[in-house]
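Structure assessment
The primary structure of each chain is shown beneath.
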Amino acid sequence: MLTKFETKSNRVKGLTFHPKRPWILASLHSGVIQLWDYRMGTLIDRFDEHEGPVRGVHFHSSQPLFVSGGDDYKIKVWSYKLRRCMFTLLGHLDYIRTVEFHPEYPWIVSASDDQTIRIWNWQSRSSIAVLTGHNHYVMCARFHHKDDLVVSASLDQTVRVWDISGLRRKSVSPAEELRMPQMNNDLFGGGDTVVKYILEGHDRGVNWASFHPTLPLIVSGADDRQVKLWRMNDTKAWEVDSLRGHVNNVSCVVFHARQDVIVSNSEDKSIRVWDMSK
């Protein structure tokens, strides 16, 4: 263990690494978001405008921004440079589980207990798509690194892959966009976002799903204590493997950015590192 950060809160709900600086943001059950320098082991700043637990938090890849989502149904975009919340995005009708910036476009994806995934344009500060189809809490939603795809995990026991290429075709320069009227025709996915695959195989609720950084692979973790690996091509997606070893719910699972490993964590209080090549 390199360093340990301790704080007064029941739980840490969300974590995100800064893309370049030795910083980590922790969103807490107490409603506070803390910014830590993990090399120094020091608390740099704290942000507390949410009412209730903050489950999701994510740094922007190039701007001095981060986004948070909480049990107050609010998504907040913050400037850590100015040390304040810039604005709040409203629309979800229940707890927000995860929030993430798009690696390239001025978009945020959010997953909520209201059974929807929303995509927002943070420059125009508006909701640009509502992805409906899950029939239980959506625990996680992530953008693909390069393709116009979103992956989501839900307690309805499915992982879904959504094609959002219609949104990109419609998105224009920020200046034009601010002049354009609010587009309500796609509020319930009028063709801009469609389900591409539904991955079925877990027999309990799915808590997390992530894309591989370069390969056409997805990893998911669920309350059935399994980590599953899926492969996709242009027309279909299928289960490749089940990784068994956790003895309680798997809450989060990701591919390593550069190595051939999967990292999962679980309510069994363990983090497991899996060798994909074996």
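Calculation criteria
- Residues numbered from 1 in each chain as written.
- Predicted model: local features only at pLDDT ≥ 70, side-chain atom pairs only at ≥ 80, totals over all residues.
- Heavy atoms only, no water.
- Helix = DSSP H or I, 4+ residues; strand = E, 2+ residues; numbered from the N terminus.
- Buried < 20%, exposed > 50% of the residue type's maximum accessible area, 1.4 Å probe, protein only.
- Contact = heavy atoms within 4.5 Å.
- Areas by Shrake-Rupley, 256 points an atom, 1.4 Å probe, with all protein chains shown as cover.
- Lys, Arg positive; Asp, Glu negative; His and termini not counted.
- Charge placed at Lys NZ, Arg CZ, Asp CG, Glu CD.
- Salt bridge = Lys/Arg side-chain N within 4 Å of Asp/Glu carboxyl O.
- pLDDT = per-residue confidence, 0-100.
- Pairing = 2+ DSSP bridges.
- Axes fitted to C-alpha atoms, helices over the stretch in contact; angles between N-to-C directions.
- Core = buried A, V, L, I, M, F, W, Y, C linked by side-chain atoms within 4.5 Å.
- Polar contact = N/O pair within 3.5 Å; in protein donor to acceptor, adjacent residues only side chain to side chain.

1. Some words on the overall build of the chain
- Broken down by element type, the chain carries two helices and 23 strands.
- C-alpha extents for the chain along the principal axes are approximately 55 × 50 × 30 Å.
- Sorting the 278 residues of the chain into buried and exposed places 53% on the buried side.
- By sequence separation, contacts in the chain at least 24 residues apart represent 43% of the contacts at least 6 residues apart.
- For the chain, the accessible area works out to roughly 13,700 Å², and carbon and sulfur atoms hold 48% of it.
- Taking the average location of the 35 positive side-chain charges in the chain and that of its 32 negative ones, the two points are 5 Å from each other.

2. Focus: the pattern of salt bridges
- Summed over the entire model, instances satisfying the criterion amount to 10 salt bridges.
- Put simply, Lys 278 and Asp 275 hold a salt bridge, and the shortest N to O gap is 3.1 Å.
- Here Lys 278 falls in the exposed class, since its relative accessible area comes to 84%.

3. Things to note about the confidence of the model for the chain
- Confidence in the prediction of the chain, expressed as mean pLDDT, is 92, and 91% of residues score 70 or more.
- Below a pLDDT of 50 lies the segment residues 179-189, which in the model reaches 14 contacts outside its immediate sequence neighbourhood of four places, other chains included.

4. Overview of the sheet that holds strand 17 (residues 206-211)
- With respect to topology, four strands assemble into an open sheet ordered 17-18-19-20, the strand pairing being antiparallel. Across the chains shown, the open sheet's two edge strands, defined by having one partner strand only, are strand 17 and strand 20 (237-244). If you compare each strand with its neighbour and ignore which way they point, the axes differ by 20° on average.
- Pairing of strand 17 with strand 18 (residues 217-222) involves five bridges; the strand directions are antiparallel. Looking at the pairing, Ser 210 lines up with Val 219 of strand 18.

5. Thoughts on the pairing of strand 20
- Bridging between strand 19 (residues 226-232) and strand 20 involves seven bridges; their strand directions are antiparallel. Residue Met 232 lies in a different strand from strand 20, and its bridge partner there is Ala 237.
- As consecutive antiparallel partners, strand 19 and strand 20 are separated by four residues.

6. Observations concerning the nonpolar core
- Judged by nonpolar contacts, the single largest core of 26 residues is most densely connected at Ile 218, Val 227 and Ile 262.
- Mapped onto this core, the elements with two or more residues apiece are strand 14 (149-154), strand 15 (158-163), strand 16 (194-200), strand 17, strand 18, strand 19 and strand 21 (250-255).
- Among the nonpolar cores identified, the runner-up in size contains 16 residues, and Trp 107, Leu 131, Val 138 and Trp 162 belong to it.

7. Remarks on the side chain of His 58
- Relative to the helices and strands, His 58 is located in strand 5 (residues 54-59).
- Polar contacts involving the side chain of His 58 include one to the main-chain amide nitrogen of Phe 101, which spans 3.0 Å.

8. Quick word on the sheet that holds strand 6 (residues 65-70)
- Taken in spatial order, the four strands make up an open sheet running 5-6-7-8, and their pairing is antiparallel. Two strands close off the open sheet at either side, each with one partner strand: strand 5 and strand 8 (84-89). When the angles between neighbouring strand axes are averaged without regard to direction, this sheet yields 25°.
- Inspection of the sheet shows strand 5 paired to strand 6 by five bridges, in the antiparallel sense. Following the sheet pairing, His 58 is matched in strand 6 by Val 67.

9. Observations concerning the pairing of strand 19
- By the criterion of burial, strand 19 is predominantly enclosed, with six of the seven residues buried.
- Where strand 18 and strand 19 come together, five bridges link them in antiparallel fashion. Along strand 19, the bridge assignment pairs Gly 221 with Val 227.
- The turn joining strand 18 and strand 19, which pair antiparallel and follow one another in sequence, is formed by three residues; a positive phi near 70° is taken by Arg 225.

10. Remarks on the environment of Thr 88
- Of note, Thr 88 is situated in strand 8.
- A C-alpha to C-alpha distance of 9.6 Å links Thr 88 and Val 67, two positions 21 residues apart in sequence.
- Look past the residues within four positions of Thr 88 in its chain and what remains in contact with it is Lys 74, Ile 75 and Lys 76.
- Side chain to side chain, Thr 88 and Lys 76 meet in a polar contact 3.0 Å long.

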